Amino acid sequence: MLKIIRTTPYTDQKMGTAGLRKKSQVAMQENYVENFIQSIFDAIGGVNGKTFIIGGDGRFYNKVAIQKIIKMSAANGMKKLIVGQNGYLSTPASSKVLLKNKADGGFVLSASHNPGGPNGDFGIKYAVASGGQCPTSLSDKIYENSKNISEYKILETADIDLSKIGSQKLENMEIEVIDPLTDYVEMMQNIFDFEAIKRLFAGGFTFRFDAMNAVTGPYAQKIFEEILGAAKGSVVNYIPLEDFGGLHPDPNLIYAKDLVDLMYSDKAPDMGAANDGDGDRNMILGKRFFVTPSDSLAILTDNYKLIPGYKNGIFGVAKSAATSTAVGRVAEALNIGYYEVPTGWKYFCNLMDSDRITFCGEESFGTGSSHIREKDGIWAVLFWLNIIAVTGKSVEEITREHWKKYGRSYYMRNDYDGLDTEVANQLMHDLEERLPSLKGKTFGQFTVSEAKPFIYNDPVDGSSTKNGLIVYFNDKSRIVYRLSGTGSSGATLRVYLERYETEKLAENVVEMLEGLADVSRQIGEITERTGKTKADLLT
Ligand code: G1P
Ligand code: ZN
């Protein structure tokens with residue numbers, strides 16, 4: 001039975017870098033999810049006669065929220081809702097399903113790499129018909145609606161069984177439950193040289209993929225073990241759990257600790273990889289060797305000809321401003337377009353839609369291409385496997401050859417967590433005002449050549465976005481400052497450090513960047529203002 005429920009607005013439903021992200025306890029408040037969903041429906045002129053997709057990373061509260069959204073969709077007159085079986089769809093798979101079905105939009109229930117559970121985070125990402133997350137103009141409209149909402153529509157009915165593949169009706173809406181793997185797996189088979197990778201595994205290549213108890217487990221088992229023949233047990237933590245088994249499913253050197261320990265031990269396999277909660281991030285490791293995401297993007301781009309799906313040529317490449325400049329040197333050598341955008345995957349989408357770029361990536365372990373409109377963790381792992389299979393070289397050899405050819409960007413991100421929001425905003429505000437006065441000043445061995453806010457003028461829709469502050473030095477070093485837009489409480493200051501070297505290719509990244517880290521604290525007045533003498537997290 002259709003119900004119109006009276007509700008009062010929440011004032012905090014503003015989407016950040018990647019959709020709405022809140023503490024589970026916040027999202028569980030009465031009408032919280034309902035308000036947000038109705039605000040979306042209203043912002044897009046209703047859903048009458050439209051088709052949408054929904055799925056998520058399996059985290060706590062997804063099941064409840066998915067049922068709410070299904071019942072609201074039917075009540076609002078949606079024509080069809082495509083749902084991943086048991087509510088599972090990785091972020092990249094959802095983008096594919098959305099595009100393949102020419103759906104009008106999609107919901108991915110995930111707080112990405114943030115921990116899950118009753119005390120963890122919950123999130124909803126809203127994608128538009130092009131397959132990417134909704135543009136700022138639309139999220140602003142949704143936010144306005146959410147502050148003024150007074151009622152929403154929902155069906156009063158029993159929960160829908162999402163365990164069986166096939167179609168069913170809810171009032172006038174068709175619900176199609178699909179296998180979350182099929183379309184994604186087929187797409188990967190069409191891009192990569194699966195025969196070459198099969199030969200690689202058949203020849204004894206050893207591999208470990210850590211799904212971190214999140215949604216990529218079933219995808220990885222199917223692709224790496226079943227189809228490509230990696231040894232049984234190569235994929236670990238493959239059952240999606242509501243709280244990720246207590247893991248923080250963020251594939252970096254800190255949180256993917258078990259994998260990192262293995263890769264730096266005597267038992268290390270030839271390659272190691274991990275994905276995040278919703279499967280859009282990736283980390284690549286060789287034996288006792290870590291590839292930074294910035295280098296990974298540069299290396300993949302430089303080797304595109306080895307991949308069947310790209311061998312006929314690529315458009316340009318893009319990176320977020322905070323990502324190292326390594327891929328810029330490759331773009332120059334290949335003579336392809338090169339773009340720097342603000343942080344957040346949505347900025348890449350216009351460039352892909354207009355055939356300006358094929359590849360793109362962020363320092364935060366996100367890499368992807370125009371095959372979909374989200375970053376794609378398993379795609380990146382397959383790209384590396386394909387390169388290794390064709391060249392016969394190890395992860396380390398491939399990376400070292402890259403540095404030899406192009407020089408090396410020593411790169412690191414320093415996060416200052418749990419800051420008071422006021423303090424963090426003031427720090428950024430005051431630093432921006434000081435930027436012009438920095439030019440020409442010397443800090444130890446570093447002399448500032450330029451210092452300015454990063455402003456992106458979108459070549460496609462003409463919009464202009466300011467995201468972060470950049471200090472450039474004479475020796476091509478850079479420091480980028482920005483505030484995180486994905487936290488669920490407090491503020492995080494991210495400081496991105498980069499030094500470019502062609503000659504002395506020292507090994508220790510932390511040592512190489514120690515001086516610059518000090519300079520970053522000095523320029524940003526970080527210690528005075530936050531009391532922190534060092535960063536909380538180095539990635
Ligand atoms: C973080 C990353 C950013 C990424 C986003 C979503 O956003 O830094 O690169 O696109 O998560 O995965 P931030 O918290 O920095 O705003
Ligand atoms: Zn993610």
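Owing to the predicted nature of the structure, the values given are computational and were not obtained by experimental measurement.

## Some thoughts on the site of ligand 1
So, step 1. The environment of ligand 1 is formed by 15 residues, the closest being Thr17, Ser364, Gly485, Thr486 and Arg494.
So, step 2. The separation between an oxygen atom of ligand 1 and a polar side-chain atom of Thr17 is 2.6 Å.
So, step 3. Between Gly485 and ligand 1, the recorded distance is 2.6 Å, taken from a backbone N or O atom to an oxygen atom.
So, step 4. Protein coverage of the free-state accessible area of ligand 1, which is 380 Å², stands at 98%.
So, step 5. Residue classes in the shell around ligand 1 are distributed as 1 nonpolar, 7 polar and 7 charged.

## Quick look at empty space enclosed by the protein
So, step 1. Summed over the entire model, instances satisfying the criterion amount to 4 cavities of 30 Å³ or more.
So, step 2. As a volume, the largest cavity reaches approximately 70 Å³.
So, step 3. Forming the walls of the largest cavity are Met15, Gly16, Thr17, Gly19, Lys125, Tyr126, Gln133, Cys134, Ser139 and Lys346.
So, step 4. Across the lining of the largest cavity, the residue classes break down as 3 nonpolar, 5 polar and 2 charged.

## Notes on the coordination of the zinc ion (ligand 2)
Octahedral six-donor coordination of a metal ideally yields angles of 90 or 180 degrees, compared with 109.5 degrees for tetrahedral four-donor coordination.
So, step 1. Ligation of the zinc ion (ligand 2) by protein atoms is provided by Ser112 (OG), Asp276 (OD), Asp278 (OD) and Asp280 (OD), these donors lying 2.0 to 2.1 Å from the ion.
So, step 2. Donor residues binding the zinc ion (ligand 2) come from one chain and are separated in sequence as S-x163-D-x1-D-x1-D. With Ser112 in the loop between strand S5 (105-109) and strand S6 (121-128) and Asp280 in the loop between strand S12 (271-275) and strand S13 (282-286), this residue pair connects regions lying 168 residues apart in the sequence. A single burial state applies to Ser112 and to Asp280, both of which are buried.

## Re the side chain of Glu374
So, step 1. Mapped onto the elements, Glu374 comes out in the loop between strand S18 (366-369) and helix H13 (377-391).
So, step 2. As a buried residue without a salt bridge, Glu374 has its nearest oppositely charged side chain in Lys125, at a separation of 4.5 Å.
So, step 3. Within the local environment of Glu374, its side chain forms a polar contact with the side chain of Gln133, the two groups lying 3.2 Å apart.
So, step 4. Among residues more than four places away in sequence, those in contact with Glu374 are Thr91, Ser95, Gly131, Gln133 and Trp345.

## Some words on the packing of helix H10 (residues 293-302) against helix H11 (residues 326-334)
So, step 1. Look at H10 against H11: their axes get within 7 Å of each other, and the N-to-C directions meet at 15 degrees. Of the possible angle classes, the one that applies to H10 and H11 is roughly parallel. Taken as a pair, H10 and H11 cross one another with a handedness that is right-handed. Between H10, through Ser294, Asp295, Leu297, Ala298, Thr301 and Asp302, and H11, the contact on the second element is made entirely by Ala326, Val327, Val330 and Leu334.

## Side note on the layout of surface pockets
So, step 1. One number sums up the size of the second largest pocket: a volume of about 550 Å³.
So, step 2. Going through the elements one at a time, strand S14 (289-291), H10, helix H14 (395-406), strand S19 (408-419) and helix H16 (509-524) are the ones with two or more residues in the lining of the second largest pocket.
So, step 3. It is S19 that provides the largest number of residues to the lining of the second largest pocket, a total of 6 residues.
So, step 4. Broken down by class, the residue content of the lining of the second largest pocket amounts to 14 nonpolar, 4 polar and 7 charged.

## Overview of a nonpolar patch on the surface
So, step 1. Where nonpolar side chains cluster on the molecular surface, the patch consists of Tyr238, Ile239 and Leu241 and spans about 260 Å² of accessible area.
So, step 2. In this structure, Ile239 sits in the loop between strand S11 (235-236) and helix H9 (257-263).

## Notes on helix H15 (residues 421-438)
So, step 1. A rise of 1.5 Å per residue sets the reference length of H15, with its 18 residues, at 26 Å; its end C-alpha atoms lie 25 Å apart and thus fit the reference within 8%.
So, step 2. Where H15 bends most, at Glu432, the angle is about 30 degrees, and the proline Pro436 comes one to four residues later.
So, step 3. All buried positions along H15 are accounted for by Ala424, Leu427, Met428, Asp430, Leu431, Leu435 and Leu438.
So, step 4. N-capping of H15 is provided by Asp420, with a side-chain oxygen placed 3.1 Å from the backbone N of Glu422.
So, step 5. After H15 finishes, the residue Gly440 shows a positive phi value of roughly 85 degrees.

## Overview of unusual backbone geometry
So, step 1. Phi at Tyr61 is positive, roughly 80 degrees, even though this residue is not glycine.
So, step 2. When you line up the elements, Tyr61 lands in the loop between strand S3 (51-56) and helix H3 (62-75).
So, step 3. Despite not being glycine, Asn237 has its phi angle at roughly 50 degrees, a positive value.
So, step 4. Within the fold, Asn237 resides in the loop between S11 and H9.

Criteria and cut-off values
Per chain, residue numbering runs from 1 following the sequence as it is written. Following the order in which they are written, the chains are lettered starting with A and the ligands numbered starting with 1. Where totals are concerned, whole chains, interfaces and linings use all residues; where local detail is concerned, this predicted model gives features only for residues with pLDDT of at least 70, and gives and counts side-chain atom pairs only at 80 or more. Hydrogen atoms and water are omitted, and side-chain values are computed over all heavy atoms in the structure. Near, as used in this document, describes a residue that has one of its heavy atoms within 4 Å of the molecule or strand being considered. For this analysis, a polar contact is any N or O atom pair within 3.5 Å, provided that within protein one partner can donate a hydrogen and the other can accept it, and provided that sequence-adjacent residues contribute only side-chain to side-chain pairs. Each accessible area value is a Shrake-Rupley result obtained with a 1.4 Å probe; residue values ignore everything except the protein chains displayed when judging cover. When residues are sorted by character, Ala, Val, Leu, Ile, Met, Phe, Trp, Tyr, Cys and Pro go into the nonpolar class, Asp, Glu, Lys and Arg into the charged class, and all the rest, Gly among them, into the polar class. Whether a set of points on the 1 Å grid over the protein atoms alone is a cavity depends on a 1.4 Å probe fitting there but being unable to get out, while an open set qualifies as a pocket with protein on both sides within 12 Å along at least five of seven lines; lining residues are those with an atom within 4 Å of a point. Grid points are joined across faces, edges and corners, and a volume is the space filled by probe spheres set on the points. Water is not part of the atom set, so a site may look incomplete; the donors themselves are N, O and S atoms within 2.8 Å of the metal, or 3.2 Å for Na, K and Ca. Secondary structure elements follow DSSP: runs of H or I of four or more residues count as helices, runs of E of two or more count as strands, with numbering from the N terminus. Think of it in three bands: with a 1.4 Å probe and only protein chains considered, a residue is buried below 20% of the maximum accessible area for its type, exposed above 50%, and partly exposed in between. Under the counting rule used here, the positive set is Lys and Arg, the negative set is Asp and Glu, and His together with the chain ends is not counted. Salt bridge, as applied in this entry: a Lys or Arg side-chain nitrogen positioned within 4 Å of an Asp or Glu carboxyl oxygen. When checking whether two residues touch, look at their non-hydrogen atoms; a contact exists if any pair is within 4.5 Å. Angles shown run from 0 to 180 degrees and are taken between the N-to-C directions of axes, each axis being a line fitted to C-alpha atoms and, for helices, limited to the stretch in contact. Put simply, angles under 35 degrees are roughly parallel, angles over 145 are roughly antiparallel, angles from 65 to 115 are roughly perpendicular, and the rest are oblique. Handedness of each helix crossing follows the sense of rotation of the near helix against the far helix: counterclockwise by less than a right angle gives left-handed, clockwise gives right-handed. Patch definition: residues with relative accessible area over 30% and no salt bridge; like charges joined within 9 Å; nonpolar side chains (Val, Leu, Ile, Met, Phe, Trp, Tyr) joined within 5 Å. Residue count minus one, scaled by 1.5 Å, sets the expected span of a helix. The angle between axes fitted to the seven residues ending at a residue and the seven residues starting there is what we call the bend at that residue.

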